[in-house]
Amino acid sequence: MRHVLPAGRAVVSRGARAAAMGSSAGAGAGDPGGNPTVGRLREIFRGGGDAADGWEKSWETGVTPWDLGKPTPIIEHLVKSGTLPKGRALVPGCGMGYDVVALASPERFVVGLEISNIAAEKAKQWSSSLPNADWFSFLIADFFKWRPSEPFDLIFDYTFFCALDPSMRLAWAETVSRLLKPDGELITLIYLISDQEGGPPYNNTVADYQNVLEPLGFKAVWMEDNELAIKPRKGFEKLGRWKRCGRRQSSL
Ligand SMILES: C[S@@+](CC[C@H](N)C(=O)[O-])C[C@H]1O[C@@H](n2cnc3c(N)ncnc32)[C@H](O)[C@@H]1O
């Protein structure tokens, strides 16, 4: 174990936070968070309704302020480091699937899971003829309801936890626990948000992860600032690597 940081976070301005989320879609003034695309995303989700419809609409209308247009650099670094579990990996809420593709290799088959048909189709479109295409697949399913035939050695969450309504966090942890092998690893690239009203993305802290994961026996064996975060997200991301150390398992 390297070291585990306290569950705190830097306080940043609302404008800076929203600019970070809109890094690829063009941050700027025009909505309460300072980013018009995040504002449009909120608008889609405002008024309740089915979250799945909200995500489909955001993809349909091209309101995807989270999209980096490439894998997150820390994933490429971790792949190169050779420290990631091999076997089967899952990326829930994978969006365009750049991280799915970056993780996939003959030693590691990766499933990119998406609730949005459009996102999954887009992901398939750009990636299907890549040299490592035999080592990943994109599936359309609701993370919370999906029942795969086999559990996973690795689950990678990036901007999925923070995209979910906070009332779903316990279910998120239970589902992670159900889908992960007992000795599997959960990697959370935590996108820290502290000053937003509503969401997505929703405010979250490292403690929010600890609160739902630790009762299920998970412990962070690594929790550090993500030094490889893209520039607008620098200082807002922490890399958490979690293993099950306790005996309690999911009750789902
Ligand atoms: C904020 S985006 C993040 C996408 C991707 N991880 C990235 O960083 O580019 C969240 C994604 O989760 C998907 N999603 C939301 N709820 C889901 C669910 N219950 N099951 C599977 N995917 C879901 C959405 O369609 C959306 O593409």
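Anything mentioned here points back to the structure above.
As a starting point, this report considers the structure included with it. (Residues numbered from 1 in each chain as written. Predicted model: local features only at pLDDT ≥ 70, side-chain atom pairs only at ≥ 80, totals over all residues. Heavy atoms only, no water.)

Bringing the state of the cysteines into the picture now. A full pass over the atoms with the stated rule returns zero disulfides. Between Cys-94, a cysteine without a disulfide, and Cys-162, which holds the nearest cysteine sulfur, the sulfur-to-sulfur distance is 15 Å. (Disulfide = S-S within 2.5 Å.)

Attention now moves to the pairing of strand β2 (residues 108-114). Most of β2 sits out of view: six of its seven residues are buried. Remark: the strand β1 (residues 87-92)/helix α5 (residues 98-103)/β2 crossover connection has right-handed handedness. Of the pairings in the sheet, the one linking β2 to strand β3 (residues 136-140) comprises five bridges and is parallel in character. Note on β3: the bridge partner recorded for Val-110 is Phe-136. (Buried < 20%, exposed > 50% of the residue type's maximum accessible area, 1.4 Å probe, protein only. Helix = DSSP H or I, 4+ residues; strand = E, 2+ residues; numbered from the N terminus. Right-handed = clockwise from strand over helix to strand, strands pointing away. Pairing = 2+ DSSP bridges.)

Turning our eyes to something else, we now look at the side chain of Thr-159. Positionally, Thr-159 belongs in the loop between β4 (152-158) and α7 (169-179). Setting aside residues up to four positions removed in sequence, Thr-159 forms contacts with Leu-189, Tyr-191 and Arg-233. (Contact = heavy atoms within 4.5 Å.)

The next point concerns the packing of helix α2 (residues 36-45) against helix α3 (residues 51-60). Relative to each other, α2 and α3 sit at 145 degrees, their axes nearing to 9 Å. As for the relative orientation of α2 and α3, their crossing is right-handed in sense. The segment α2 lies against α3, with Leu-41, Ile-44 and Phe-45 engaging Ala-51, Gly-54, Trp-55, Lys-57 and Ser-58. Per-class residue counts for the contact of α2 with α3 are five nonpolar, two polar and one charged. (Axes fitted to C-alpha atoms, helices over the stretch in contact; angles between N-to-C directions. Left-handed = near helix turned anticlockwise from the far one by under 90°. Nonpolar A, V, L, I, M, F, W, Y, C, P; charged D, E, K, R; others polar.)

The next thing to look at is the site of the ligand. Residues in close proximity to the ligand total 17 residues, the closest being Trp-59, Gly-93, Glu-114, Tyr-158 and Thr-159. Take Gly-93: an N or O atom from its main chain is 2.8 Å from a nitrogen atom of the ligand. Taking Ile-115, its main chain carries an N or O atom lying 3.1 Å from a nitrogen atom of the ligand. For the ligand, whose unbound accessible area comes to 600 Å², protein coverage reaches 95%. In terms of residue class, the shell around the ligand is built from eleven nonpolar, four polar and two charged. (Near = heavy atom within 4 Å. Polar contact = N/O pair within 3.5 Å; in protein donor to acceptor, adjacent residues only side chain to side chain. Areas by Shrake-Rupley, 256 points an atom, 1.4 Å probe, with all protein chains shown as cover.)

On to the sheet that holds strand β7 (residues 237-244), then. Across the sheet, seven strands lie side by side as β3-β2-β1-β4-β5-β7-β6; this open sheet has mixed pairing. Of all strands in the sheet, those with a lone pairing partner are β3 and β6 (218-225), marking the two edges. Shown here is a sheet whose adjacent strand axes are inclined to one another by a mean of 20 degrees, direction ignored. The sheet contact formed by β4 and strand β5 (residues 180-191) spans six bridges and is parallel. Following the sheet pairing, Ile-155 is matched in β5 by Leu-186.

The set of residues buried in helix α4 (residues 73-81) consists of Ile-74, Ile-75 and Leu-78. Looking down the long axis of α4, one finds its buried residues gathered within 100 degrees of arc, a one-sided arrangement. Here the buried face of α4 lies against α5, β4, β5 and β7. (Arc of directions from axis to C-beta.)

Another aspect to go through is α7. α7 sits mainly inside the fold: nine of its eleven residues count as buried. Every buried residue belonging to α7 is among Arg-169, Trp-172, Ala-173, Glu-174, Thr-175, Val-176, Ser-177, Arg-178 and Leu-179, and all of these are buried. Of the surrounding elements, those touching the buried residues of α7 are β1, β4, β5, α8 (206-213), β6 and β7.

A word on the pattern of salt bridges. What the rule picks out here adds up to seven salt bridges. A salt bridge links Glu-43 to Arg-46, with the nearest nitrogen and oxygen atoms 2.6 Å apart. With its nearest N and O atoms 3.9 Å apart, the salt bridge here joins Arg-88 to Glu-150. Of this pair, Arg-88 sits in strand β1 while Glu-150 is found in the loop between β3 and β4, placing the two residues 62 residues apart along the sequence. A residue is classified by how much of its surface remains accessible, and Arg-88, at 17% relative accessible area, is buried. Classification of Glu-150 by relative accessible area gives partly exposed; the value is 41%. (Salt bridge = Lys/Arg side-chain N within 4 Å of Asp/Glu carboxyl O.)

Nothing here speaks to function; it is geometry throughout.
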